[in-house]
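Residues per chain are reported as follows:
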Amino acid sequence: MVDNEEGWDNFGEEPQRYDGAEDAADLYAEETLATAQAITTEDDALRFDSVKEVTVLLRSAYMSRMLQKLSDYSEQDEVKKTILPEEPEYQFVIDSSTLVLRIEVEKSKAAVYLRAHYGQRFPELAMFFSDSVLYARIVRLVQNNMDLSVIIDQLDELVPSQLTAVVIACASTTAGRELSEEELHRVLEACQEIDTLEAAKQTFLEYIQRSMPLICPNLCAFLGTGITSQLFAIAGGVTALSTMDSTELAKLGSKRADDSGVLLRTTGFLSNSDLVINHPPQMRPKALRLVANTASTLARIDANRRAASQQEGYRQREMVRLKMLSWLDPPVIRGAANNTYARRGRKRPRRQTR
């Protein structure tokens, strides 16, 4: 497969527009910014008395409808071999993928709230745990108790023993103050909110992992259901993915909001593929171009239903893997002393001139 270099010179600048639709990455960025504007700093988080004032998705009518539809589709006895675009379940898969992204935003907001409120008790703890779910579980264990030796067994089940020792040492010298009953209740409520959001996310992810191969089997075989569902949600379907070129496909997800609602420009979802991230940093742009080119081709195959099985996706993945392995081969040095053929060891006779 020949790499398509056109359009990659200005990669990372303003995303291009593709025909027939608005830039889905921009729409996702606007939506995440709109939902994350309630908290911009930890000082803003301290203004709220409950995490439920910050995160509203779990208690919304939209979430109730989505859970009801998920229950209906999960209870179907019919075993499907494919999901066509004209079927209602096709749109529900798109909505589920979008909902997973929204849950991530809500979870980030709850994490900012939790770190701000529990930072008054143990501010050093946030330095050790970037994962909001793990941080919430540690907070639920520690609470107001700074003598962590009594819960060392529970901590060892969650984190490595070396990190546990560091956390215990920091807890003994922390600069935080003890939380009141009301403040502790807010913290535990935020922990419960994060756990519930994570459970809802995993519920929809399990459904997506079952359904996505029925919609775009080859793209799932090539990228995996996780990255495919993210691209699927932002683009709005496999048909929209098939209309993008490789440059636009690589930019999907590169413009979104962070935990505090600040607009970030990062690498796209394709950069999280194992085919890209397992390479050294200097080789990742080249790997991303190859993966984006191949993913664009497979999206067109899935959109046109030209391959009902996943064989083409697996075949392309193996071809890409072998091509990337060839990049790691040492260069062949050619020259007088490095030729691969045996040189003559005797003197050449002088040509006779007449």
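Along each chain, residue indices are assigned from 1 in the same order as the chain's sequence is written. Given that this is a predicted model, residues contribute local features only at a pLDDT of at least 70 and side-chain atom pairs are listed and counted only at 80 or more, while totals for whole chains, interfaces and linings are drawn from all residues. The side-chain values count all of the structure's non-hydrogen atoms but skip hydrogen atoms and water molecules.

As annotated in an unreviewed UniProt entry, the protein chain carries the name Putative trans-splicing factor and comes from Trypanosoma rangeli.

**Q** Mind laying out the overall build of the protein chain, listing which residues take part and the relevant values?
**A** When its secondary structure is counted, the protein chain shows 15 helices and 2 strands. Categorising residues by exposure relies on relative accessible area from a 1.4 Å probe, with only protein chains included: less than 20% of the type maximum marks a residue as buried, more than 50% marks it as exposed, and the intermediate range marks it as partly exposed. Looking at the 354 residues of the protein chain, the share that counts as buried comes to 46%. A contact between two residues is defined here by any heavy atoms of the two lying within 4.5 Å. Residue pairs at least 24 apart in sequence account for 71% of intrachain contacts in the protein chain once pairs closer than 6 positions are excluded. Counting from the N terminus, the helices are DSSP H or I runs at least four residues long and the strands are E runs at least two residues long.

**Q** Go over the packing of aromatic side chains, please, and point to the residues and values.
**A** Paired rings are identified among Phe, Tyr and Trp, the last through its six-membered ring, by centres lying within 6.5 Å, and are further divided according to the angle between planes into stacked (under 30 degrees), edge-to-face (over 60) and tilted (the rest). Taken as a whole and judged by the stated rule, the model has 3 aromatic pairs. Lying over the aromatic face of Y62, R102 brings its terminal NZ or CZ to 5.2 Å of the ring centre. Taking NZ or CZ as reference, K286 lies 4.4 Å from the ring centre of W327, over its face. Whether a charge sits over a ring depends on NZ of Lys or CZ of Arg being within 6 Å of the ring centre and within 35 degrees of the ring normal.

**Q** If you had to explain unusual backbone geometry to someone new, which residues and values would you point to?
**A** One non-glycine residue with positive phi stands out, namely Q143, at about 55 degrees. Mapped onto the secondary structure, Q143 falls in the loop between α5 (132-142) and α6 (152-158). Among the residues examined, Q143 registers a relative accessible area of 28% and is labelled partly exposed.

**Q** Explain the nonpolar core to me, using residue names and the numbers behind them.
**A** The nonpolar core is taken to be a set of buried Ala, Val, Leu, Ile, Met, Phe, Trp, Tyr and Cys residues, with the residues joined through side-chain atoms within 4.5 Å. Counting 57 residues, the largest nonpolar core has L223, L241 and L270 as its most contacted members. The element that contributes the greatest number of residues to this core is helix α14 (residues 284-303), accounting for 9 residues. Throughout the structure description, domain borders are defined by an automatic or database domain assignment. Residue-level mapping places this core at the junction of two domains, with at least three residues from each of domain 1 (42-214) and domain 2 (216-254 + 267-329). Aside from chain neighbours lying at most four places away, what touches L241 is L219, L231, F232, A235, L249, L252 and A299.

**Q** Quick rundown of the environment of R315? Include the residues and the values.
**A** Relative to the elements of secondary structure, R315 occurs in helix α15 (residues 311-327). In the structure, R315 is positioned 93 residues away from F222 in sequence and 8.5 Å away in space, judged by C-alpha atoms.

**Q** So what's going on with helix α7 (residues 161-172)? Which residues, and what values?
**A** The span you would expect from a helix comes to 1.5 Å times its residue count less one. The end-to-end C-alpha distance of α7 is 17 Å, a good match for the 16 Å that 12 residues give at a rise of 1.5 Å each. Along α7, the residues classified as buried are T164, V167, C170 and A171. With its buried residues spanning 125 degrees around the axis, α7 presents them on a single face. Opposite the buried face of α7, at more than 90 degrees from it, the exposed residues are Q162 and S172. Note: the arc covers the axis-to-C-beta directions of the helix.

**Q** Let's hear about the packing of helix α4 (residues 88-118) against α5: which residues, and what values?
**A** Note on geometry: axes are C-alpha line fits, over the in-contact stretch for helices, and angles between N-to-C directions span 0 to 180 degrees. Look at α4 against α5: their axes get within 10 Å of each other, and the N-to-C directions meet at 35 degrees. In the packing of α4 onto α5, the handedness of the crossing is left-handed. Residues K107, A111, L114, R115 and Y118 of α4 form the contact with α5, whose own contacting residues are S132, V133, Y135, A136, V139 and V142. Taken together, the residues of the contact of α4 with α5 sort by class into 8 nonpolar, 1 polar and 2 charged. By definition, turning the near helix anticlockwise from the far helix through less than a right angle yields a left-handed crossing, and turning it clockwise yields a right-handed one. Classification convention: Asp, Glu, Lys, Arg as charged; Ala, Val, Leu, Ile, Met, Phe, Trp, Tyr, Cys, Pro as nonpolar; all other residues, Gly among them, as polar.

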